Amino acid sequence: MVDLLITDTVLSGDGRRMDVGVSSGMIAFIAPCGEGRAEVAAHVVQGKGGLLLPGFVEPHIHLEKAYLLDAMDREAESLQDAIRITAQLKSSFTKEDMYRRSLTAIREAVRNGVTHMRCHAEVDPILGLRAVESALRLKQALKHQLDIQVVAFPQEGVFKSPGTAGLMEEAIRLGADVIGGITYQDTSLREHLDFAFGLAEKYGKPLDIHADFSDNPNDRAVVEIARRTIAAGMQGQVVAGHVTSLGSLPEHEALEIAEHLCLAEISVITLPMTDLFLNGRGDAEGSCRGLAPVKLLRKCGVNVAVGVNNVRNPFTPFGKADPLEVAWLLAVTSYMGGKRDASTLTNMLTYNAAQALSIENYGLKVGAPADMVLFREQSEREVLLNKPETRTVWKSGVQVACSDAKPLELPWLSGVIETI
Ligand SMILES: [Zn+2]
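All figures in this text were calculated on a predicted structure; none of them were measured in a lab. (Residues numbered from 1 in each chain as written. Predicted model: local features only at pLDDT ≥ 70, side-chain atom pairs only at ≥ 80, totals over all residues. Heavy atoms only, no water.)

All right, on to the environment of I182 then. Position of I182 relative to the elements: it lies in strand β9 (residues 178–182). In this structure the C-alpha to C-alpha distance between I182 and V268, which are 86 residues apart in sequence, comes to 14 Å. If we skip the residues at most four places from it in the chain, I182 touches F153, P154, Q155, G157, H192, I209 and H210. (Helix = DSSP H or I, 4+ residues; strand = E, 2+ residues; numbered from the N terminus. Contact = heavy atoms within 4.5 Å.)

Okay, here's the thing in structure tokens:
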């Protein structure tokens, strides 16, 4: 007897049809379709040959500054301009407003198949700890629907914005899971990294650093991050987001840096929607892509995942918190259009991202939590090309979204909204 049985589903690219049983929130068995298992199930879902993936892992998203288009009176002209516009808007953010916009992004993400998420909550004298408090509150309120990791993120810089250092420590004491950094906001990289690595050591927390977000090949903070990661014995606990300047380097130099990243076991999160929108725009001709060199990094063995980052704000006036949307964009812009590329991209949204976030016991295997998303499409490539509306999502074996139903009903979310 199992709680849930998904019949006739495809788990990977080989097209084999399987049945998946779920008991007490965990995957109880995976067996060839109809082969000798006469399980009695409380609930049966006919997979009809559709692809079943582990729940998507969103490795890098900004919740409290999502959905700001209506508040903006102009578009950002550069990364620094986007930071400036957002800093102005932030002064009018209330806790309720951040909570509501965050929930809108989460609603989209969950219906799109996200079961784990790492959000960067801004910590600075403008917002104080309000964004971290909002994120921690959501983490607690939605713990049965979505695993959220909260990064304390000093968007305005630590030393450029006096008071931030103390607030970062406060954020960690409040319960932030990860220490954030941003290599392009403080004047001294050494000072910034001393602070971030010092805090990581003091509190025994992992690091997630916005790094080298530019198209200038001279921005190479990741080299120093890799050196410090090894020196601190933090291999596997450090993540770097963006790393776009690497894409502007001659190949042999980029390869050398990628090897450092590999040795330090640093995961790279590429954020194509923001990176393509903000980078390369200063070039009058020969405009660069401004993306991390995903194929080169992978060739060197670096763990690479892909994230949504921003949703409809000065940094990225697009997006709908859909991992498949950013994976599709990356496929187009990184020349990853083949069948095998579709599998690679799917892995970047699932297993690679889970590795970057150190999520234990993740994936479609017996004994793992039943965090899953079912599609009608029968292959990873079809899923990537269609970016289908229809997805059924389970968190620990409980259905949390089925976008087949119109209008979309997420009863668990209504309960959370009422608690505001
Ligand atoms: Zn970011």
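What follows covers the domain arrangement of the chain. Split into domains, the chain comes out as domain 1 (2–54 + 363–418) and domain 2 (56–356). Computed from C-alpha coordinates alone, the two centres of domain 1 and domain 2 are separated by 29 Å. Each partner contributes residues to the interface: domain 1 has 28 residues there, and domain 2 has 33 residues. Counting the surface domain 1 buries against domain 2, the share from its top three residues, L384, R391 and K395, is 23%. (Domains from an automatic or database assignment. Buried area = accessible area lost by both parts, 1.4 Å probe.)

With that settled, consider the packing of aromatic side chains. Counted according to the given criterion, the structure contains five aromatic pairs. Aromatic side chains F277 and F318 sit 5.4 Å apart centroid to centroid with 85 degrees between the ring planes, which places their arrangement in the edge-to-face category. Of this pair, F277 sits in helix α8 (residues 272–278) while F318 sits in the loop between β13 (304–306) and α10 (323–333), and the two are 41 residues apart along the sequence. Geometrically, the ring pair formed by Y351 and Y362 is edge-to-face, given 5.4 Å between the ring centres and 80 degrees between the ring planes. Residue Y351 is found in helix α12 (residues 351–356), and its partner Y362 is found in the loop between α12 and β14 (372–375); the two are separated by eleven residues along the sequence. A residue is classified by how much of its surface remains accessible, and Y351, at 35% relative accessible area, is partly exposed. The ring of F93 carries the charged tip of R101 above its face, separated from the ring centre by 4.5 Å. Sitting above the plane of the Y99 ring, R137 keeps its charged end 4.2 Å from the centroid. (Phe/Tyr/Trp six-rings, centres within 6.5 Å; stacked < 30°, edge-to-face > 60°. Buried < 20%, exposed > 50% of the residue type's maximum accessible area, 1.4 Å probe, protein only. Lys NZ or Arg CZ within 6 Å of the ring centre and 35° of its normal.)

This brings us to the nonpolar core. Ranked by size, the top nonpolar core spans 113 residues in total, and within it I106, L207, L261 and L297 carry the most contacts. At seven residues, the largest contribution of residues to this core is made by helix α2 (residues 95–111). Looking at which domains feed residues into this core, each of domain 1 (2–54 + 363–418) and domain 2 (56–356) gives three or more. If we ignore the near neighbours within four places in the chain, the residues touching L261 are V222, A226, L246, I266, V268, L297 and V302. With 14 residues, the next largest nonpolar core counts L4, I6, L52 and W394 among its residues. (Core = buried A, V, L, I, M, F, W, Y, C linked by side-chain atoms within 4.5 Å.)

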